[in-house]
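As a plain string of letters, each chain reads:
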Amino acid sequence: MKFLEKFGFKKDDIENLRENTTSTLIKELEANKKLVSKNLDYLNSMGVTNLIEIFTYYHDMFLMDNSNFVEIFNKYDQKDLVEKLAKNVQIMEYL
(Lines give C-alpha, C1' and ligand atoms only; values in the text may rest on other atoms or scores of the structure.)
Protein backbone atom coordinates (compact mmCIF):
# COMPACT_ATOMS: atom_id res chain seq x y z
CA MET A 1 0.00 0.00 0.00
CA LYS A 2 3.07 2.17 -0.23
CA PHE A 3 1.74 3.51 -3.56
CA LEU A 4 -0.74 5.61 -1.54
CA GLU A 5 2.09 7.82 -0.28
CA LYS A 6 2.20 9.66 -3.62
CA PHE A 7 -1.36 10.82 -2.89
CA GLY A 8 -0.42 12.35 0.46
CA PHE A 9 -1.08 9.35 2.68
CA LYS A 10 1.24 9.18 5.66
CA LYS A 11 2.52 5.92 7.10
CA ASP A 12 0.01 6.26 9.96
CA ASP A 13 -2.86 6.59 7.46
CA ILE A 14 -1.75 3.45 5.65
CA GLU A 15 -1.28 1.53 8.88
CA ASN A 16 -4.75 2.60 10.02
CA LEU A 17 -6.18 1.26 6.74
CA ARG A 18 -4.38 -2.04 7.21
CA GLU A 19 -5.71 -2.41 10.74
CA ASN A 20 -9.31 -1.55 9.85
CA THR A 21 -9.68 -3.35 6.52
CA THR A 22 -9.92 -7.03 5.75
CA SER A 23 -6.76 -8.66 4.48
CA THR A 24 -8.65 -9.78 1.37
CA LEU A 25 -9.53 -6.19 0.46
CA ILE A 26 -5.98 -5.00 1.20
CA LYS A 27 -4.64 -7.66 -1.18
CA GLU A 28 -7.13 -6.61 -3.83
CA LEU A 29 -6.20 -2.93 -3.46
CA GLU A 30 -2.51 -3.82 -3.79
CA ALA A 31 -3.12 -6.13 -6.76
CA ASN A 32 -5.05 -3.35 -8.51
CA LYS A 33 -2.87 -0.43 -7.50
CA LYS A 34 -2.79 0.96 -11.06
CA LEU A 35 -6.58 1.13 -11.17
CA VAL A 36 -6.82 2.52 -7.64
CA SER A 37 -4.16 5.12 -8.49
CA LYS A 38 -6.00 6.10 -11.66
CA ASN A 39 -9.22 6.66 -9.70
CA LEU A 40 -7.36 8.60 -7.00
CA ASP A 41 -5.70 10.70 -9.73
CA TYR A 42 -9.10 11.50 -11.17
CA LEU A 43 -10.45 12.84 -7.86
CA ASN A 44 -7.21 14.69 -7.30
CA SER A 45 -7.50 16.33 -10.73
CA MET A 46 -11.05 17.42 -9.86
CA GLY A 47 -9.60 19.36 -6.94
CA VAL A 48 -10.85 17.10 -4.14
CA THR A 49 -9.07 18.27 -1.01
CA ASN A 50 -9.97 15.43 1.37
CA LEU A 51 -8.80 12.52 -0.73
CA ILE A 52 -7.40 10.59 2.25
CA GLU A 53 -10.65 10.82 4.17
CA ILE A 54 -12.71 9.71 1.17
CA PHE A 55 -10.41 6.79 0.46
CA THR A 56 -10.36 5.75 4.12
CA TYR A 57 -14.14 5.42 4.25
CA TYR A 58 -14.84 4.28 0.68
CA HIS A 59 -11.67 2.46 -0.43
CA ASP A 60 -13.63 -0.40 -2.01
CA MET A 61 -15.17 2.10 -4.46
CA PHE A 62 -11.70 2.75 -5.90
CA LEU A 63 -11.65 -0.79 -7.30
CA MET A 64 -14.34 0.17 -9.82
CA ASP A 65 -13.46 0.30 -13.49
CA ASN A 66 -12.12 3.79 -14.17
CA SER A 67 -14.73 4.65 -16.81
CA ASN A 68 -17.53 3.72 -14.39
CA PHE A 69 -15.81 5.62 -11.58
CA VAL A 70 -15.48 8.76 -13.71
CA GLU A 71 -19.07 8.44 -14.92
CA ILE A 72 -20.36 8.60 -11.35
CA PHE A 73 -18.68 11.95 -10.74
CA ASN A 74 -19.37 13.44 -14.16
CA LYS A 75 -23.10 13.44 -13.45
CA TYR A 76 -22.61 16.43 -11.19
CA ASP A 77 -21.13 19.90 -11.39
CA GLN A 78 -17.52 19.25 -10.37
CA LYS A 79 -16.95 22.45 -8.42
CA ASP A 80 -20.17 21.95 -6.46
CA LEU A 81 -19.37 18.29 -5.82
CA VAL A 82 -15.86 19.07 -4.58
CA GLU A 83 -17.30 21.61 -2.12
CA LYS A 84 -19.92 19.14 -0.89
CA LEU A 85 -17.36 16.36 -0.47
CA ALA A 86 -15.15 18.71 1.55
CA LYS A 87 -18.03 19.36 3.93
CA ASN A 88 -19.38 15.82 4.16
CA VAL A 89 -17.73 12.70 2.69
CA GLN A 90 -20.82 10.66 3.45
CA ILE A 91 -22.48 12.00 0.30
CA MET A 92 -20.32 9.42 -1.52
CA GLU A 93 -22.97 6.89 -0.54
CA TYR A 94 -25.57 8.71 -2.63
CA LEU A 95 -23.58 9.24 -5.81
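What counts and what doesn't
Residues numbered from 1 in each chain as written. Predicted model: local features only at pLDDT ≥ 70, side-chain atom pairs only at ≥ 80, totals over all residues. Heavy atoms only, no water. Core = buried A, V, L, I, M, F, W, Y, C linked by side-chain atoms within 4.5 Å. Buried < 20%, exposed > 50% of the residue type's maximum accessible area, 1.4 Å probe, protein only. Helix = DSSP H or I, 4+ residues; strand = E, 2+ residues; numbered from the N terminus. Contact = heavy atoms within 4.5 Å. Axes fitted to C-alpha atoms, helices over the stretch in contact; angles between N-to-C directions. Parallel < 35°, antiparallel > 145°, perpendicular 65-115°, else oblique. Left-handed = near helix turned anticlockwise from the far one by under 90°. Nonpolar A, V, L, I, M, F, W, Y, C, P; charged D, E, K, R; others polar. Salt bridge = Lys/Arg side-chain N within 4 Å of Asp/Glu carboxyl O. Arc of directions from axis to C-beta. Phe/Tyr/Trp six-rings, centres within 6.5 Å; stacked < 30°, edge-to-face > 60°.

(A) Here's a closer look at the nonpolar core. In this structure, L4, L43, F55 and F73 are the most contacted members of the largest nonpolar core, which totals 32 residues. Only helix 1 (11–20), helix 2 (23–31), helix 3 (33–46), helix 4 (51–58), helix 5 (66–74) and helix 6 (78–87) provide two or more residues apiece to this core. Sorting elements by how many residues they give to this core places helix 3 first, with five residues. In this structure, F73 is in contact with Y42, L43, M46, M61, L81, M92 and L95, ignoring residues within four places of it in sequence.

(B) Spotlight on the packing of helix 3 against helix 4. In the contact formed by helix 3 and helix 4, the axes pass within 11 Å of each other and the chain directions differ by 135°. Taken together, the axes of helix 3 and helix 4 lie oblique to each other. The element helix 3 and its partner helix 4 pack so that their crossing is right-handed. The segment helix 3 lies against helix 4, with V36, L40, L43 and N44 engaging L51, I54 and F55. For the contact of helix 3 with helix 4, a count of residues per class yields six nonpolar, one polar and no charged.

(C) Structural view of the pattern of salt bridges. On inspection of all chains with the given rule, the structure shows three salt bridges. Here R18 and E30 are joined by a salt bridge, their closest N and O atoms 2.9 Å apart. Taken together, the positions of R18 in helix 1 and E30 in helix 2 put the pair 12 residues apart, joining distant regions of the chain. Salt-bridge contacts for K84 lead to D80; the nearest nitrogen and oxygen are separated by 3.2 Å. Of this pair, K84 and D80 both sit in helix 6, separated by four residues, roughly a single helical turn.

(D) Representation of helix 5. Among the residues making up helix 5, those that are buried are N66, F69, V70, I72 and F73. The arc that holds every buried residue of helix 5, seen down its axis, measures 155°, which confines them to one face. Looking at the packing, one finds that the buried side of helix 5 touches helix 3 and helix 6.

(E) The arrangement of the packing of aromatic side chains in detail. Taken as a whole, this structure holds six aromatic pairs when the rule is applied. Judged by centre distance (6.5 Å) and plane angle (80°), the rings of Y42 and F69 are edge-to-face. In this pair, Y42 sits in helix 3 while F69 sits in helix 5, placing the two residues 27 residues apart along the sequence. When its relative accessible area of 14% is taken as the criterion, Y42 is described as buried. Residues Y42 and F73 carry aromatic rings whose centres are separated by 6.3 Å and whose planes lie at 50° to one another, so their mutual orientation is tilted. Taken together, the positions of Y42 in helix 3 and F73 in helix 5 put the pair 31 residues apart, joining distant regions of the chain.

Just distances and angles here, no functional claims.
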